[in-house]
Amino acid sequence: MASTKTDRMVPLAVLLKRELTNEKIEMPDILYGQANQSKKGEDYILLKTECQRVPGDGVTTFSVFALFDGHNGSAAAIYTKENLLNNVLSAIPLHLSRDEWLAALPRALVAGFVKTDKDLQEKAQTSGTTVTFVIIDGWVVTVASVGDSRCILESAEGAVFFLSADHRLDTNEEEVERITASGGEVGRLNTGGGAEIGPLRCWPGGLCLSRSIGDMDVGEYIVPVPHVKQVKLSSAGGRLIISSDGVWDALDTEEAVQLKGLRDDTTCIVVDILPPEKITPPVPPPKKQGKGVFKTMFRKKSTESSSYPDREYPEPDLVEEIFEEGSALLAERLNTEYPICNMFKLFMCAVCQIEMKPGEGISVHTGSSRPVRLRPWDGPFLCPTCQAKKEAMEGKLPSGDGASRNSSGSE
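Residues numbered from 1 in each chain as written. Predicted model: local features only at pLDDT ≥ 70, side-chain atom pairs only at ≥ 80, totals over all residues. Heavy atoms only, no water.

Re the side chain of T116
Right, on to step 1. With respect to the helices and strands, T116 occurs in helix 3 (residues 98–122).
Right, on to step 2. The exposure class of T116 is buried, given its relative accessible area of 0%.
Right, on to step 3. Only 2.8 Å separates the side chain of T116 from the side chain of N87, close enough to count as a polar contact. (Helix = DSSP H or I, 4+ residues; strand = E, 2+ residues; numbered from the N terminus. Buried < 20%, exposed > 50% of the residue type's maximum accessible area, 1.4 Å probe, protein only. Polar contact = N/O pair within 3.5 Å; in protein donor to acceptor, adjacent residues only side chain to side chain.)

See the structure below:
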């Protein structure tokens, strides 16, 4: 797995300059396919190619592939599918160059996720959804994730990189500590007599995840702030596998699946990022999707097909890490230490993008428990409702009537 240490990250500007100084490197071809087996009908996907950074300019294209694994109903997954991309793009300033656009993308993803969650809660929807959201621009791949769906990258030479985070409470001690410090309770289901069963869950609500979009009945400490990772592939390309937790559960317990059948929705998206001359006709889908469909999709490629021996590349098959951040604190995720100094306009909320009157905005650093040298009037700024949401996520305000709700036993 690639190192997450900042001293090993390669600045985005350096990578893009390298592209320009090398011999001309063509943009990749994108091939994709998806398969699913539905048990609850709560998994939704977004497959969108030929998106444009600059409207009307066909050269500035990027692709979006996303998976929304809903729980307690499908409303949150549907709403997020329909609104998240627009909310992310609305948080990126206009008239940016490609390298500026890519540098601004991680922070815009945070703003877009939080706005989508805030807007959904205003509709009084109590369902929730995990999100794995992938943007491919040339050879640069950016992944934002909340929940327990996954995105992995297999390079052309077969190396595997994890591009998403696992926000299950069972596997993330830091998230357990964050939730309890914010006023939530974490524990297993008590069946009486002191016996505890099942995964760790957050109470009230019973959600076994620490991050999602929606879930207003659980509490604001289940936050929508995504883990974001951005990498650059070499021109050798690679393969992305985006899948819901049901796929991984099936793979880890294959014998149990064969005997008992799947209990959850299982969805998988496979995206091949290929040198243009390496594109091959897609394999026709099987006539009948059975239990072996995912096993076929995950079968390791042969050395001959994955390394493309008849092609000489101008650079080695490396996956270079540009950016990674997983903090749940908006003050850290929306800070000013970015290459885009004018990322947020002075009188516009950094999350919901509404215009504010002079003096109405509240610095995202207001009330920060960590020592910072920024003054309270240093931006970026939040509108009063987004500031209230920020404080609620940090356990500084009551999170509605979540404490009085009954356990939903979700996810």
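From this point, things continue past the structure.
Side note on the confidence of the model for the chain
Caution is warranted with low-pLDDT regions, since their predicted coordinates should not be read in detail.
Right, on to step 1. Confidence in the prediction of the chain, expressed as mean pLDDT, is 78, and 70% of residues score 70 or more.
Right, on to step 2. Taken as a whole, residues 252–257 scores under 50 in pLDDT and shows five contacts with residues more than four places along the chain or in a different chain. (pLDDT = per-residue confidence, 0-100. Contact = heavy atoms within 4.5 Å.)

Comments concerning the sheet that holds strand 1 (residues 29–37)
Right, on to step 1. Taken in spatial order, the five strands of this open sheet run 1-13-12-6-7, and their pairing is antiparallel. Each of the sheet's edge strands pairs with one partner strand only, and the pair in question is strand 1 and strand 7 (160–162). Ignoring which end each strand starts from, the neighbouring axes of this sheet average 20° apart.
Right, on to step 2. In this structure, strand 12 (residues 238–243) lies alongside strand 13 (residues 266–274), joined through six bridges in antiparallel fashion. The partner of I242 across the bridge, within strand 13, is I269. (Pairing = 2+ DSSP bridges. Axes fitted to C-alpha atoms, helices over the stretch in contact; angles between N-to-C directions.)

Remarks on the pattern of salt bridges
Right, on to step 1. In this structure the tally under the stated criterion is 15 salt bridges.
Right, on to step 2. Where E122 meets K118, a salt bridge forms, and the shortest distance between an N and an O atom there is 3.4 Å. One end of the pair, E122, and the other, K118, are both in helix 3, four residues apart, so they sit about a helical turn from each other.
Right, on to step 3. Assessed through its relative accessible area of 9%, K118 is described here as buried.
Right, on to step 4. Here K390 ties to E394 by a salt bridge, and the two come within 3.6 Å at their closest N and O atoms.
Right, on to step 5. A cluster of three or more residues bridged by salt bridges with shared partners is formed by R53, R98 and D137. (Salt bridge = Lys/Arg side-chain N within 4 Å of Asp/Glu carboxyl O.)

Quick notes on helix 4 (residues 173–181)
Right, on to step 1. Of all the positions in helix 4, only E175, V176, R178 and I179 are classed as buried. Down the axis of helix 4, the buried side of the element spans an arc of 165°, and every buried residue falls inside it. In helix 4, the exposed positions that point more than 90 degrees away from the buried face belong to E173, E174 and A181.
Right, on to step 2. Those residues of helix 4 that are buried are in contact with strand 8 (185–192), strand 9 (195–203) and helix 10 (384–393).
Right, on to step 3. Of the residues flanking the end of helix 4, it is G183, one or two places downstream, whose phi is positive at about 105°. (Arc of directions from axis to C-beta.)

Looking at the packing of helix 2 (residues 75–90) against helix 3
Right, on to step 1. Direction vectors running N to C along helix 2 and helix 3 enclose 140°, while the axes themselves pass 8 Å from each other. The angle between the axes of helix 2 and helix 3 places the two elements in the oblique class. Note on packing geometry: the crossing formed by helix 2 with helix 3 is right-handed. Listed contacts from helix 3 to A76, Y79, T80, N83, L84, N87, V88 and L89 of helix 2 are W101, L105, A108, L109, G112, F113, K115, T116, D119 and L120.
Right, on to step 2. Here the residues of the contact of helix 2 with helix 3 sort into eleven nonpolar, five polar and two charged. (Parallel < 35°, antiparallel > 145°, perpendicular 65-115°, else oblique. Left-handed = near helix turned anticlockwise from the far one by under 90°. Nonpolar A, V, L, I, M, F, W, Y, C, P; charged D, E, K, R; others polar.)

Looking at the environment of A66
Right, on to step 1. Mapped onto the elements of the fold, A66 is located in strand 3 (residues 61–71).
Right, on to step 2. Judged by relative accessible area, A66 falls into the buried class, the value being 0%.
Right, on to step 3. Distance in space between the C-alpha atoms of A66 and C151 is 9.8 Å, their sequence separation being 85 residues.
Right, on to step 4. When sequence neighbours within four positions are dropped, the list of residues in contact with A66 reads Y44, I45, L46, T132, F133 and I269.

Description of the nonpolar core
Right, on to step 1. Membership of the largest hydrophobic core comes to 52 residues, with the highest contact counts inside it found for L109, F113 and F133.
Right, on to step 2. Per element, the largest residue contribution to this core is eleven residues, and it comes from helix 3.
Right, on to step 3. When neighbours within four sequence positions are excluded, F113 is seen to be in contact with L84, V131, F133, A144, V146, I213, P224 and P226.
Right, on to step 4. By size, the runner-up hydrophobic cluster in this structure holds 20 residues, among which are I136, V141, V231 and I242. (Core = buried A, V, L, I, M, F, W, Y, C linked by side-chain atoms within 4.5 Å.)

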